[in-house]
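Descriptive analysis of the structure
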Amino acid sequence: MARLAPSSIEVHTDYSLPRKAWIASEQAQLDAAAEEAKRVSPGGLVGETVRWPRADGYAVYMIVRQEPLMLAHVNICDGYSIESALIRGLTLTDVRKMVERERALRHFFEHTNDFYDELEVGQVVHYHNGFKEFVRCEVVEAPDDDACVHAEKGERCLRPVALVGGWGTHDLRSDGYHMKGVREGRLFKPNASCIYENPEATQVRRHEDPAQLEPLGIRGQQEMFG
């Protein structure tokens, strides 16, 4: 049975800084907390973080002791937390599996920029929204820091140009979220694991090659769709 540490780990975020700067600051604070936990308590899982989906974000906890198992709440972003009973029910096997998943996710996110850096401006790729729904996109460079949420000026991101694949009729309405994104050319930078052209996107690549599919909704022709 796990226990909850008596105090939270505080992570302060200065959103007035450029996005990369405040993310780096958050990570530096997490790294410092992890090093302190490792200094105090031995164990290969000490200092690792685990998380649970809550509301529009995640409840984040750090393993601060391995035996007996203890987790500390990480007060980051919205500071979401989970129920005490859920903490008490955790076993070492549970958190070991959670840490493995977190490490895999970190690997994907850390290599997202590597994938984008290899793309050529003007290249066409396909973002998988799920259920064989693809957004055909053109690779572009963000014109400024505010044009794309996850990219800064000069970084590669995607501009949607068409919907292809298994979209429903309601998705093709001009006010549909992704159809509107096509119409407005709304820039975005999804994780590389969702891009069909990424050789490491093994789940996505189980589907038919979307490059061979005819567009259902095309930028500049939205008057065709209700």
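Data block above holds the structure.
Keep in mind that this is a model prediction, so the values were computed, not measured.

Side note on the overall build of the chain
Looking only at helices and strands, the chain has five helices and nine strands in total. Going from N to C terminus, the chain has its helices and strands arranged as β-β-α-β-β-β-α-α-α-β-β-β-α-β. The principal-axis extents of the C-alpha atoms in the chain amount to approximately 60 × 35 × 30 Å. The 226 residues of the chain split such that 40% are buried. Taking all contacts inside the chain whose residues are at least 6 apart in sequence as the whole, residues at least 24 apart take part in 56%. For the chain, the centre of its 27 positive side-chain charges and the centre of its 36 negative side-chain charges are spaced 5 Å apart.

Some points on helix 1 (residues 19-40)
With 22 residues, helix 1 extends 32 Å from end C-alpha to end C-alpha; this agrees with the ideal 32 Å at 1.5 Å per step. Contact partners of the buried residues in helix 1: strand 2 (9-10), strand 4 (57-65) and strand 5 (70-75).

Describing the nonpolar core
Core analysis: the biggest nonpolar cluster contains 16 residues, and V125, L158, L163 and I195 have the highest contact counts within it. Elements that contribute at least two residues to this core include exactly helix 4 (112-118), strand 6 (124-130), strand 7 (133-141), strand 8 (156-165) and helix 5 (177-184). The residues contacting L163, other than those within four sequence positions of it, are F134, V135, D171, L172, H178, M179, V182, P215, L216 and G217.

Some points on the side chain of E26
One can find E26 in helix 1. Within the structure, E26 has its side chain in polar contact with the side chain of T13 (distance 2.6 Å). Residues within four places of E26 in sequence aside, it is in contact with V11, T13, Y15 and I76.

Some details on the pairing of strand 4
Walk down a regular strand and you will see the side chains alternate between the two sheet faces. Judged by how many residues are buried, strand 4 sits mostly within the fold: seven of nine residues are covered. Examined bridge by bridge, strand 3 (residues 49-54) and strand 4 share six bridges and lie antiparallel to one another. If you follow R54 over to strand 4, its bridge partner there is G57. The antiparallel hairpin formed by strand 4 and strand 5 contains four residues in its connecting segment.

Thoughts on the packing of aromatic side chains
Tallied over the full model, the rule gives five aromatic pairs. Consider the rings of Y15 and W22, whose centres lie 4.9 Å apart with planes at 70 degrees: the pair is edge-to-face. With a centroid separation of 5.7 Å and an interplanar angle of 80 degrees, the aromatic rings of F115 and Y116 are classed as edge-to-face. For F115, a relative accessible area of 8% gives the class buried. Just above the ring of Y116 sits the side chain of K189; from NZ or CZ to the centre is 5.2 Å. A cation sits over an aromatic face here: R205 above Y196, 5.0 Å from the ring centre.

Observations concerning the pairing of strand 6
In terms of residue burial, strand 6 counts as a mostly covered element, since five of its seven residues are buried. Relative to strand 7, strand 6 runs antiparallel, the two being bridged by six bridges. Bridge pairing in strand 7 links V125 to C137. Counting the residues in the hairpin turn of strand 6 and strand 7 gives two residues, including F131, whose phi is positive at 55 degrees.

Re the pattern of salt bridges
Where charged atoms from two side chains of opposite charge approach closely, those side chains can pair. Overall, the coordinates contain nine salt bridges when judged by the stated rule. With a shortest N-O distance of 3.1 Å, E83 and R54 are connected by a salt bridge. One end of the pair, E83, is in the loop between strand 5 and helix 2 (84-88); the other, R54, is in strand 3, and 29 residues separate them in sequence. R159 serves as the salt-bridge partner of E138, at 2.5 Å between the closest nitrogen and oxygen. With E138 in strand 7 and R159 in strand 8, this pair connects stretches of sequence that are 21 residues apart. Residue classification places E138 among the partly exposed positions, given a relative accessible area of 23%.

So, the side chain of K189
With respect to the helices, strands and loops of the structure, K189 is situated in the loop between helix 5 and strand 9 (215-218). For K189, a relative accessible area of 10% translates into the label buried. Beyond its immediate stretch of four places on either side in the chain, K189 contacts N113, Y116, C148, H150, A151, E155, R156 and C157.

Here's the deal with the state of the cysteines
Summed over all chains, the structure comprises zero disulfides. C148 takes part in no disulfide bond, and the closest cysteine sulfur, belonging to C157, lies 4.2 Å away.

Rules and cut-offs
- Residues numbered from 1 in each chain as written.
- Predicted model: local features only at pLDDT ≥ 70, side-chain atom pairs only at ≥ 80, totals over all residues.
- Heavy atoms only, no water.
- Helix = DSSP H or I, 4+ residues; strand = E, 2+ residues; numbered from the N terminus.
- Buried < 20%, exposed > 50% of the residue type's maximum accessible area, 1.4 Å probe, protein only.
- Contact = heavy atoms within 4.5 Å.
- Lys, Arg positive; Asp, Glu negative; His and termini not counted.
- Charge placed at Lys NZ, Arg CZ, Asp CG, Glu CD.
- Expected span 1.5 Å × (residues − 1).
- Core = buried A, V, L, I, M, F, W, Y, C linked by side-chain atoms within 4.5 Å.
- Polar contact = N/O pair within 3.5 Å; in protein donor to acceptor, adjacent residues only side chain to side chain.
- Pairing = 2+ DSSP bridges.
- Phe/Tyr/Trp six-rings, centres within 6.5 Å; stacked < 30°, edge-to-face > 60°.
- Lys NZ or Arg CZ within 6 Å of the ring centre and 35° of its normal.
- Salt bridge = Lys/Arg side-chain N within 4 Å of Asp/Glu carboxyl O.
- Disulfide = S-S within 2.5 Å.

Read these as geometric descriptors, not functional statements.
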